[in-house]
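Here's the letter readout for the chains.
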Amino acid sequence: VQLQAFGGGLVQAGDSLRLSCAASGRTFNTYNMGWFRQAPGKEREFVAGISWTGGRTYYADSVKGRFTISRDNAKNMVYLQLNSLKPEDTAVYYCAAGGRLRRTILAGPEAYDYWGQGTQVTVSS
């Protein structure tokens, strides 16, 4: 599975963005998908995950109620809708695939096998 994330940009606090992740490979629809982010000087952190069926989602507390993850298996796409953005959301955002056919959505980066190249999100105050 190859992944490419895009859709980042420079926005003001309170604005919205939609990140997209395009996947190649016939097995995409068997992988749980996750979005992670990494700010300068900080470790990569889990943001949101979605099961391979799309039926279950899981969010970090810091984004719950503001971000929404979704997927379209017919189009091999995963999305992250970012609303009510805050300056502390500034980071490089990565999409990742892992946990093939697993019921549990894991938050640790080590659980994900494939990674996209990242897209920068910058939120000004």
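Residues numbered from 1 in each chain as written. Predicted model: local features only at pLDDT ≥ 70, side-chain atom pairs only at ≥ 80, totals over all residues. Heavy atoms only, no water.

Colleague: Explanation requested: the pattern of salt bridges in the structure shown.
Modeller: Any two side chains of opposite charge can pair, on the condition that their charged atoms come close. For the coordinates displayed, the defined rule picks out four salt bridges. Arg 37 is the partner of Glu 45 in a salt bridge, and the nearest nitrogen-oxygen pair spans 2.6 Å. Using a relative accessible area of 5% as the deciding quantity, one classes Arg 37 as buried. Sharing partners across several salt bridges, the network here consists of Arg 37, Glu 45, Arg 66 and Asp 89. (Salt bridge = Lys/Arg side-chain N within 4 Å of Asp/Glu carboxyl O. Buried < 20%, exposed > 50% of the residue type's maximum accessible area, 1.4 Å probe, protein only.)

Colleague: Could you clarify how one ought to interpret the nonpolar core in this entry?
Modeller: What tends to happen in soluble globular proteins is that the nonpolar side chains get buried as a cluster. Membership of the largest hydrophobic core comes to 36 residues, with the highest contact counts inside it found for Trp 35, Leu 80 and Tyr 93. When contributions to this core are tallied by element, the ones reaching two or more residues are β1 (2-6), β3 (17-24), β4 (32-38), β5 (45-50), β7 (67-72), β8 (77-82), β9 (91-98) and β11 (119-124). Discounting residues that sit within four places of it in the chain, Leu 80 has contacts with Leu 17, Arg 18, Leu 19, Trp 35, Val 47, Ala 48, Phe 67, Thr 68, Ile 69 and Tyr 93. (Core = buried A, V, L, I, M, F, W, Y, C linked by side-chain atoms within 4.5 Å. Helix = DSSP H or I, 4+ residues; strand = E, 2+ residues; numbered from the N terminus. Contact = heavy atoms within 4.5 Å.)

Colleague: Where do I start with the sheet that holds β1 in this structure?
Modeller: What holds strands together in a sheet is hydrogen bonding between their backbones, with the strands either parallel or antiparallel. A sheet is described by the order of its strands in space; here four strands give the open sequence β1-β3-β8-β7, paired in antiparallel fashion. The open sheet terminates on both sides in strands that have one partner only, identified here as β1 and β7. Strand after strand, the sheet turns through a mean of 15° between neighbouring axes, direction not considered. As paired strands, β7 and β8 are joined by six bridges and run antiparallel to one another. Looking across to β8, one finds that Thr 68 is bridged to Gln 81. (Pairing = 2+ DSSP bridges. Axes fitted to C-alpha atoms, helices over the stretch in contact; angles between N-to-C directions.)

Colleague: Looking at this structure, I do not really get empty space enclosed by the protein. What am I missing?
Modeller: Picture a little ball the size of a water molecule; that probe, rolled over the atoms, points out where space is still empty. On inspection of all chains with the given rule, the structure shows one cavity of 30 Å³ or more. Taken as a whole, the largest cavity spans an internal volume of roughly 40 Å³. In this structure, the largest cavity is lined by Asn 32, Gly 98, Gly 99, Thr 104, Ile 105, Leu 106, Ala 111 and Tyr 112. Looking at the lining of the largest cavity, its residues break down into four nonpolar, four polar and no charged. (1 Å grid on protein atoms, 1.4 Å probe; cavity = no way out; pocket = protein on both sides within 12 Å on 5 of 7 lines; lining within 4 Å. Points joined across faces, edges and corners; volume = space filled by probe spheres on them. Nonpolar A, V, L, I, M, F, W, Y, C, P; charged D, E, K, R; others polar.)

Colleague: It is not clear to me how unusual backbone geometry should be interpreted in this structure. Could you clarify?
Modeller: Residue Asn 76 is not a glycine yet carries a positive backbone phi of 55°. Counting through the fold element by element, Asn 76 comes out in the loop between β7 and β8. Of note, the phi angle at Ser 84 is positive, near 50°, even though the residue is not glycine. Residue position: Ser 84 is located in the loop between β8 and β9.

Colleague: I tried to follow the state of the cysteines on my own but got confused; where do I start?
Modeller: A covalent bond between the sulfur atoms of two cysteines is what we call a disulfide. Counted according to the given criterion, the structure contains one disulfide. With a sulfur-sulfur separation of 2.1 Å, Cys 21 is cross-linked through a disulfide to Cys 95. Looking down the S-S bond of the Cys 21 and Cys 95 bridge, the torsion is 65°, so its handedness is right-handed. Here Cys 21 is found in strand β3, whereas its partner Cys 95 is found in strand β9, with 74 residues between them in sequence. Cys 21 gets classed as buried once you look at its relative accessible area, which sits at 1%. (Disulfide = S-S within 2.5 Å.)

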